Amino acid sequence: KKKKKKKNGRNATPENMPPRACLGLYTVNAVYGDTIVMPCSQGIPTDLMFGKWKYEPENSSPVFIAFRSETKKRVQYDDIAEYKGRLSLSENYTLSIKNARISDERRFVCMLVTEDNVYEEPTVVKVFKQPSQPEIIHPANFLETEKLKMLGECIARDSYPDGNITWYKNGNILQPVEGAVVMSLQKVVDQSTGLFTTTSSLQFMPTKKDANAQFACSVTYYGPSGQEKIPSEPVVFDVHYPTEKVTIKVLSQRNTLKEGDNITLKCSGNGNPPPQEFLFYTPGESEGIRSSDTYIMTDVRRNATGEYKCSLIDRSMEDSTAIIVHYLDLSLTPSGEVIKQIGEALPVSCNISSSRNATVFWIKDNTRMQTSPSFSSLQYQDAGNYICETTLQEVEGLKKRKTLTLIVEGKPKIRMTKKTGSNKSKTIVCHVEGFPKPAVQWTTTGSGSIINQTEETNYVNGKFSSKIVISPEENVTLTCIAENQLERTVTSMNVSAISIPENDEPNDGNREKVNDQAKLIVGIVVGLLLAALVAGIIYWIYVKKSKTPSKHVNKDLGNIEENKKLEENNHKPEV
């Protein structure tokens, strides 16, 4: 039984209890799932008999849950289902409740009973539960401009007390806008746990600028230390918007195109998602070719030059681009293998046709020529491989070339020379020209010996020479024979056995020129004999006339003077 409080304050308060101005409420803040600790904050009376804890339900009688006897030193817990196994009462009458629940949020009272008084002190328990991190559920696959669409729901589960949800776009708080930003908040309590689940749905009408925008939400709730906030992870939504512009491009690794290249046209729209099909228009064609965003042309020719277009399927918008296919033509006249005779004329022309100015140059036998070839009278050195090459400097890889293989043919021609050495040997050289290369043979008449074998020089520009060295014992005739597919040519030279040093002496054509020193000596001897004969005749006439009569003296004297003059004149040739 409860004892009434005595009105006398001195008798009511033990000596060791601190005086209290009033019995105020003591509040304990607990975290859901933790242990609630409620001290009986008033002092323990010296004459304490026992202590009790009770809670006071709303609109109901108090319920006792724990008892401790100070005299018998024992603890007793009332058989209350929701607190079974959760209570602990210490010696200083501090009550602990394990595994705090939302239902524990109520008014508890600590009662200390003495022989004379009953002391009560109430404690209010507040339980707090932090919600889970909010998340955006049921997100839209995409958003569309000019359409109000459900973006998603932000949900924060299991909180106490309930919380509030705020939406953000790119870190800025979203405020409701009629017809563009619509929010709806819903809170649900779990009857078994008493925890709140808060849900906020967001309907949003995006603009094109909202592409790649980050949307997030946060939950604001109260905890033991005050108001707190937990943000969600941001989510990016795909924003669909119509195409406003079409663009056509030429996909190429080079800046210029040439014949034989492949052309790839790429058409694109700036909408999201971009258009997947387009109409492509080639130069001069009014009907479009339906294709994906790529149109390919292979091995293009110069007639592919022109304006290309692409448009949307509904032809609502289009774009165009100009394409130039560069070309380069080269014609060489004559070309291939050409056979001409020496001395003939050969006109050569290399003409080009191109989309831009081209550079032309000539190459002969792998050596670049300074000027274009021109042949008014062909010579053997004109033969060779000629290449006319042209390039367009502005177009990578555009190069053309054609080849002329010139063959200059000629009948064999021979020129013979000889030279006498100091050792009685004579060197005879047969200078030969002609094409194809003539074969050379030597023949000799008379006696003598060939000192060495025939030697030939290199065949250059249709010319070479064949040489032999002989030491004749008597006058001989050497014959040089040169022959190719066109003709056979023969030239001879007389060589004397007399060893008098001589200079080179040419022998042209088929005529035989004998310049042997022996013939010169024979000519001089014959000349002297003829001069002696003439002198003898003159002298005989002179003697005969000197025996005539004196009357003819003057006449004879005149004749004698004439004869002297004649004789002097006759001696001049002798000299």
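Each chain has its residues counted from 1, following the order in which its sequence is written. Per-residue local features of the predicted model are confined to residues with pLDDT of at least 70, and side-chain atom pairs are confined, for both listing and counting, to 80 or more; whole-chain, interface and lining totals are unaffected and use all residues. To obtain the side-chain values, all non-hydrogen atoms of the structure were included, while hydrogens and water were left out.

## Regarding the overall build of the protein chain
Right, so step 1: Strands are runs of DSSP state E lasting at least 2 residues, helices are runs of H or I lasting at least 4, and numbering of each runs from the N terminus. Summing up its helical and strand segments, the protein chain has three helices and 44 strands in all.
Right, so step 2: Throughout this description, buried means an accessible area under 20% of the type-specific maximum (1.4 Å probe, protein chains only), exposed means over 50%, and partly exposed covers the range between. Going through the 575 residues of the protein chain one by one, you find that 38% of them count as buried.
Right, so step 3: Taking the intrachain contacts of the protein chain between residues at least 6 apart in sequence as the baseline, contacts between residues at least 24 apart amount to 60%.
Right, so step 4: To measure how exposed things are, a 1.4 Å probe is used in the Shrake-Rupley method; for residues, cover is taken only from the protein chains shown. For the protein chain, the exposed area adds up to about 34100 Å²; of that, 49% sits on carbon and sulfur atoms. Throughout, a contact is declared for two residues whenever any of their heavy atoms are within 4.5 Å.

## Looking at the state of the cysteines
Right, so step 1: Disulfide assignment relies on a single distance test, namely cysteine sulfur atoms paired within 2.5 Å. Following the criterion strictly, the structure yields five disulfides and no others.
Right, so step 2: In this model, Cys267 is linked to Cys310 through a disulfide, with the two sulfur atoms separated by 1.8 Å. Between Cys267 and Cys310, the S-S dihedral sits near 60°, and the bridge is therefore right-handed. Of the two residues, Cys267 sits in strand S23 (residues 263–269) while Cys310 sits in strand S27 (residues 306–311), which places them 43 residues apart along the sequence. With respect to burial, Cys267 and Cys310 carry one shared label: buried.
Right, so step 3: Two residues share a disulfide in this structure: Cys350 and Cys388, whose sulfurs sit 1.8 Å from each other. Of note, the bridge from Cys350 to Cys388 carries an S-S torsion of about -85° and is left-handed in sense. Linking Cys350 in strand S32 (residues 349–354) with Cys388 in strand S35 (residues 384–391), this pair joins segments that are 38 residues apart in sequence.
Right, so step 4: On the basis of relative accessible area, Cys388 is assigned to the buried category, the value being 0%.

## Focus: the side chain of Lys364
Right, so step 1: With respect to the helices, strands and loops of the structure, Lys364 is situated in strand S33 (residues 359–364).
Right, so step 2: We count Lys and Arg on the positive side and Asp and Glu on the negative side, and we leave His and both chain ends out. We count a salt bridge whenever a side-chain nitrogen from Lys or Arg sits within 4 Å of a carboxyl oxygen from Asp or Glu. Despite its burial, Lys364 pairs with no opposite charge, the nearest such side chain being Asp365 at 4.8 Å.
Right, so step 3: Excluding anything up to four places from it in sequence, Lys364 contacts Met369, Gln381, Asp382, Ala383, Gly384, Asn385 and Tyr386.

## Observations regarding the sheet that holds strand S16 (residues 196–204)
Two strands in a sheet stick together by hydrogen bonds in their backbones, pointing the same way (parallel) or opposite ways (antiparallel).
Right, so step 1: Taken in spatial order, the four strands line up as S10-S12-S16-S15 in an open sheet, and their pairing is antiparallel. Each of the sheet's edge strands pairs with one partner strand only, and the pair in question is strand S10 (135–137) and strand S15 (181–189). Mean inter-strand twist for the sheet, computed between neighbouring axes without regard to direction, equals 25°. The rule for pairing is simple: two strands pair if DSSP sees at least two bridges between them. Between the N-to-C directions of two axes lies an angle of 0 to 180 degrees, each axis being a line fitted to C-alpha atoms and, for a helix, fitted only over the stretch in contact.

## Quick word on the pattern of salt bridges
A side chain with one charge can pair with a side chain of the opposite charge if their charged atoms come near.
Right, so step 1: Enumeration over the complete set of coordinates arrives at 23 salt bridges.
Right, so step 2: When the shortest N-O distance is used, the salt bridge between Glu244 and Lys208 registers 3.5 Å. Taken as a pair, Glu244 in the loop between strand S20 (238–240) and strand S21 (246–251) and Lys208 in the loop between S16 and strand S17 (214–223) lie far apart in primary sequence, 36 residues in all.
Right, so step 3: Members of the salt-bridge network, linked through shared partners, are Arg254, Lys258 and Asp261.

## Some thoughts on the confidence of the model for the protein chain
Right, so step 1: pLDDT expresses, on a scale from 0 to 100, how confident the predictor is about each individual residue. On average, residues of the protein chain score 84 in pLDDT, and 85% of them are at 70 or above.
Right, so step 2: Of all secondary-structure elements in the protein chain, the lowest mean pLDDT belongs to helix H1 (residues 9–12), at 32, while S16 reaches the highest, 97.
Right, so step 3: pLDDT under 50 marks residues 1–23. Its contacts with residues more than four places away, or in other chains, come to 40 contacts.
Right, so step 4: Within the model, the stretch residues 548–575 combines pLDDT values under 50 with 13 contacts to residues more than four positions away or in other chains.

## Examining the environment of Phe464
Right, so step 1: Looking at the element boundaries, Phe464 is found in strand S41 (residues 463–472).
Right, so step 2: Classification of Phe464 by relative accessible area gives buried; the value is 4%.
Right, so step 3: Setting aside residues no more than four positions away along its own chain, Phe464 makes contact with Cys430, His431, Val432, Lys437, Pro438, Val440, Glu456, Thr457, Asn458 and Tyr459.

## Structural notes on the packing of aromatic side chains
Right, so step 1: Only rings of Phe, Tyr and Trp enter the pairing, Trp through its six-membered ring, and a pair is recorded when the two centres are within 6.5 Å. The plane angle decides the type: under 30 degrees is stacked, over 60 is edge-to-face, the rest tilted. Applying the stated criterion across every chain yields a total of ten aromatic pairs.
Right, so step 2: Where Phe50 meets Phe67, the ring centres are 5.3 Å apart and the plane angle is 45°; that geometry is what we call tilted. Residue Phe50 is located in strand S3 (residues 48–56), and its partner Phe67 is located in strand S4 (residues 63–69); the two are separated by 17 residues in the primary sequence.
Right, so step 3: Relative to Tyr83, the ring of Tyr55 lies with its centre 5.7 Å away and its plane at 50°, an arrangement referred to as tilted. Of the two residues, Tyr55 is situated in strand S3 and Tyr83 in the loop between strand S5 (74–77) and strand S6 (87–89); the sequence distance between them amounts to 28 residues. Grouping residues by exposure puts Tyr55 and Tyr83 together as buried.
Right, so step 4: Members of the aromatic cluster, joined through ring pairs, are Tyr55, Tyr83 and Phe108.
Right, so step 5: Two thresholds decide whether a charge sits over a ring: the Lys NZ or Arg CZ must be within 6 Å of the ring centre and within 35 degrees of the ring normal. The ring centre of Tyr55 lies 4.1 Å from the NZ or CZ of Arg106, which sits over that ring.

## Focus: the nonpolar core
Right, so step 1: Each nonpolar core is a collection of buried residues, namely Ala, Val, Leu, Ile, Met, Phe, Trp, Tyr and Cys, held together in the definition by side-chain atoms within 4.5 Å. Formed by 29 residues in total, the largest nonpolar core has its most connected members in Met38, Trp53, Ile65, Leu95 and Phe108.
Right, so step 2: Elements that contribute at least two residues to this core include exactly strand S1 (26–31), strand S2 (36–38), S3, S4, S6, strand S7 (95–97), strand S8 (107–114) and strand S9 (118–128).

## Describing the environment of Val395
Right, so step 1: Within the secondary structure layout, Val395 lies in the loop between S35 and strand S36 (399–420).
Right, so step 2: By relative accessible area, which is 4% here, Val395 ends up buried.
Right, so step 3: Here the alpha-carbon distance between Val395 and Lys258, two residues 137 residues apart in the chain, equals 7.3 Å.
Right, so step 4: Excluding its chain neighbours within four sequence positions, the residues that come into contact with Val395 are Thr256, Leu257, Lys258 and His326.

## Things to note about the sheet that holds S8
Right, so step 1: Across the sheet, which stays open at both edges, the six strands sit in the order S1-S9-S8-S3-S4-S5 with mixed pairing between neighbours. The sheet terminates laterally at S1 and S5, the two strands that pair on one side only. Taken pair by pair, the neighbouring strands of this sheet meet at an average axis angle of 20°, ignoring direction.
Right, so step 2: Here S4 runs beside S5; their pairing, made up of four bridges, is antiparallel. Across the sheet, the residue bridging to Ala66 is Tyr77, located in S5.

## Digging into the pairing of S23
Right, so step 1: Within S23, five of the seven residues are buried, which leaves it mostly tucked inside the rest of the structure.
Right, so step 2: In the sheet, S21 pairs with S23 via six bridges, with the strands oriented antiparallel. What sits directly across from Val250, in S23, is Leu265.
Right, so step 3: Bridge count for S23 against strand S26 (residues 294–297) is four bridges, and the pairing is antiparallel. If you follow Ile263 over to S26, its bridge partner there is Met297.

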